[in-house]
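Architecture and fold: a report
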2 protein chains.
Amino acid sequence: MVESSLPQHTQQAQEIIERLLPHTGNSIRIGITGVPGVGKSTFIDVFGTHVANLGKRVAVLAIDPSSTISKGSILGDKTRMDNLVNHRNAYIRPTASGSALGGVAKATGESILLCEAAGFDVVIVETVGVGQSETTVKNLTDFFLLLMLAGAGDELQGMKRGIMEMADLLLINKADGDNLDKAQSAAQQYRQALHLFPATDNGWIPKADICSAYTKEGINKCWQVIEQFVTEQKINNYFQQNRQQQQLYAFRETLQQQVLHHLLHSPKTLSLIKVAEADIMQQRMSSYNAAQQVAAAILKR
Amino acid sequence: MVESSLPQHTQQAQEIIERLLPHTGNSIRIGITGVPGVGKSTFIDVFGTHVANLGKRVAVLAIDPSSTISKGSILGDKTRMDNLVNHRNAYIRPTASGSALGGVAKATGESILLCEAAGFDVVIVETVGVGQSETTVKNLTDFFLLLMLAGAGDELQGMKRGIMEMADLLLINKADGDNLDKAQSAAQQYRQALHLFPATDNGWIPKADICSAYTKEGINKCWQVIEQFVTEQKINNYFQQNRQQQQLYAFRETLQQQVLHHLLHSPKTLSLIKVAEADIMQQRMSSYNAAQQVAAAILKR
C-alpha cells in the first residue's frame, strides 16, 4: 500500500504509518550497494542468514529505480537468496519501480518503518551502485556497505563516482580460491586510500576488508563491524542525530520535489523550459536570465 | 552590477550580458580550492603571474559565501597577491558575499562571462574547501584543482568529504625545505588512491603532484597539465559537452531555487514547515506525509 500511488491507498497508508510510528526506529538499517556482478544477492543471502541465525529478525528491501518488473534483475534475486528466503527470521521484499526517485525514497522509507513496527531487528536495503539511488539509500540507512571486486580495473567503470566516500565499510567480495591474494591486497590498498579521505562528521573511520559468500570468510566480521559502529555511534550520540537529520532531509526533499513537480511539469511550463534551453544553447540568453524569466512566468500564473 | 540585487541593476546587467554572450566562452576556467592555511593566495599569486608572463590575460575571481566584507579573509588576499595584482595582464576580483548560494553562482557565473568578453584567456575561480561552494565552482569551471598539505592528519579535518573526487589535479603545496620529502610521499600516496576511484566520464585520470610557491617547483608543470587536459578534452569533445551541461544545470538549478524561494519563504509557509518539522521530531507524522500535507497547502493557495 505504501508503494501505491492510488489516492485511496495513499490515504490509508498514511493513517497506518502514523499509528505505527511510535513502534518504529528500533532496527539497524543497513544499506548495501555494488555494481552488477559483484555478488550482492549471494552476499546478502549468506550475511542475512548468519544474522538471522543469531536470532535477529532480518528484512531485506531491494530497490532499483532503473528496472521494471519485466526486466528487473533484482526481482530475480529473491530466488537467488535461497537460504534466507526460507529462514523463519527473514523477510525479503523486492521493489521493482519505474516511478520517480522521490517515489522510491518514500516507498522504501515507509517500508523500513513498517518492517520495524513488525519487529525486525535488521533492515537491509539493497541497491545497484550505478545511479542516483545510492544517495537515496545512504539517506535512509545507518550504515552503508559497499561491495567491490579485487583489482581497480574494468569493474569500477560502472560505478558512480562519489560512491566510495559514502561507504562506512568497503568489502572486497569473492575473496576465495585464486582470488584470495588479489582481494587481500586490494583491501589493503583501499584501507590506505580511505585514510586519505577527509574525516566523516561522526568520527567513524571507514574500514576495508575481504569477504567470501563461498568460504564465509569475513561474514561474521562484517556483522561485528556493524555492531561496533552502532555501539560507538550511540555512545557519541551521532546515531540518533543522524536519523533526525535524515528525517528532516526526507521532509524537505519530498516537499521540494512535490512543489516543483506540480509547478514545472505542466505542458505549458515544459514548453517554456524547452524554448529557454534552446536559447541558452544558441547563446541568445544566459542560463541565469533564462531561469529568471521562466520562474517569473510560472509564478505569475 | 551582476552582483547587485537591485531590480534596475538586474535589468541592466541582463541586457549587457545578452549582448556580450557571443563574445564569451573563450577562456580556460580553472577552479581552485583548499582549506584555509593551505596557501591558496600565494599559489594563485605565483601561478597566475607565471601564466600572465606567458602572455595570457588572467582574471581571478574569489568567492566565499561564508564571509562578509568586514570579516572576509579572501578580501585580504587581494593584497597578498602582490605580484599578480600589479601585473598588466591580470585582474583580481574578490567577491565577498553574504547572499544565498544561488546568488553566488549567478554572480560568479556572469562575472566569468564578463571577463571572457573583456578578453581574458584564463579565469581562475578561488573558493574555500570547507563548504558547499565547491560544487558551485566545480559546475562553473573546466578544470578543478585541489590544494592540500602533506600528511593526512589534522589539516584534512576542515575539508569537506566528497571534495577529493571532484579534483582533476591534486597538488601538495608547500613542498619545500624540510617539507619536500613528506610532500613527495604524500603525492605518491594520493596518486595511488586516485587510481582506486571510479573513472570520470570524460576519461581523464586525476593527477597528484607537488608544488611550492616558494621554490616555484611544480608551477609550470601545473599549467602544462591544465593545457594537456584542455587539449585532450577538446579532442574527445567533452570540453564543449561539459560546458553545455553546466549551462543547462545552471538554468535548472536557478529556476528551481527561484520558484522554491518564492513559494517556501513566505511567513505563512515557514510556520507550516516549522510545525511539520516539530511533528516529525515528535514522531507524530512521517517525513513523507508531512511533506505531502505542506505541499498540498502551499499549492492550494
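These notes cover the structure that comes with them. (Residues numbered from 1 in each chain as written. Chains lettered and ligands numbered in written order. Predicted model: local features only at pLDDT ≥ 70, side-chain atom pairs only at ≥ 80, totals over all residues.)

Turning to the relation of the copies chain A and chain B, a few remarks are in order. Two copies of the chain are present, and they differ by a rotation about an axis and a shift along that axis. Aligned on chain B, chain A shows an RMSD of 0.0 Å; the corresponding rotation is 180 degrees and the shift along the axis is 0.0 Å. Here the symmetry operator amounts to a two-fold rotation axis. For chain A, the minimum C-alpha distance to the rotation axis belongs to A193(A) and amounts to 2.5 Å. Residue by residue, 100% of the interface of chain A is reproduced at the interface of chain B, so both copies engage with the same surface. (Least-squares fit on C-alpha atoms with pLDDT ≥ 70 in both. Contact = placed C-beta atoms within 7 Å.)

The next point concerns the interface of chain A and chain B. Interfaces are often sized by the amount of accessible area the parts lose when they come together. On the side of chain B, 58 residues touch chain A, which itself brings 57 residues to the contact. Of all the elements in the fold, those that place two or more residues in the side of chain A that touches chain B are α1 (7-20), α5 (101-117), α7 (180-196), α9 (238-264), α10 (267-281) and α11 (287-300) of chain A. Ranked by residues supplied to the side of chain A that touches chain B, first place goes to α9(A) with 13 residues. Class assignment of the residues belonging to the side of chain A that touches chain B gives a composition of 32 nonpolar, 18 polar and seven charged. (Helix = DSSP H or I, 4+ residues; strand = E, 2+ residues; numbered from the N terminus. Nonpolar A, V, L, I, M, F, W, Y, C, P; charged D, E, K, R; others polar.)

It is worth spelling out the nonpolar core at this point. Counting residues in hydrophobic clusters, the biggest one holds 168 residues, and the most contacted among them are I124(A), L145(A), I172(A), I124(B), L145(B) and I172(B). With residues near it in sequence (within four places) discarded, I124(B) still touches I30(B), I32(B), I44(B), G48(B), V58(B), A59(B) and V60(B). (Core = buried A, V, L, I, M, F, W, Y, C linked by C-beta atoms within 7 Å. Buried ≥ 20, exposed ≤ 12 C-beta atoms within 10 Å, placed from the backbone.)

Moving on to the pairing of strand β1 (residues 28-33) of chain A. Residue and element names in this part refer to chain A. Of all six residues in β1, six are buried; the element is thus mostly enclosed. Here β1 shows a buried face lined by I28, I30 and I32 and a second buried face lined by R29, G31 and T33. Here β1 pairs with strand β4 (residues 122-126) via five bridges, running parallel. Note that in β4 the partner of R29 across the bridge is V123. Note that β1 and strand β5 (residues 143-148) share four bridges and pair parallel. (Pairing = 2+ DSSP bridges.)

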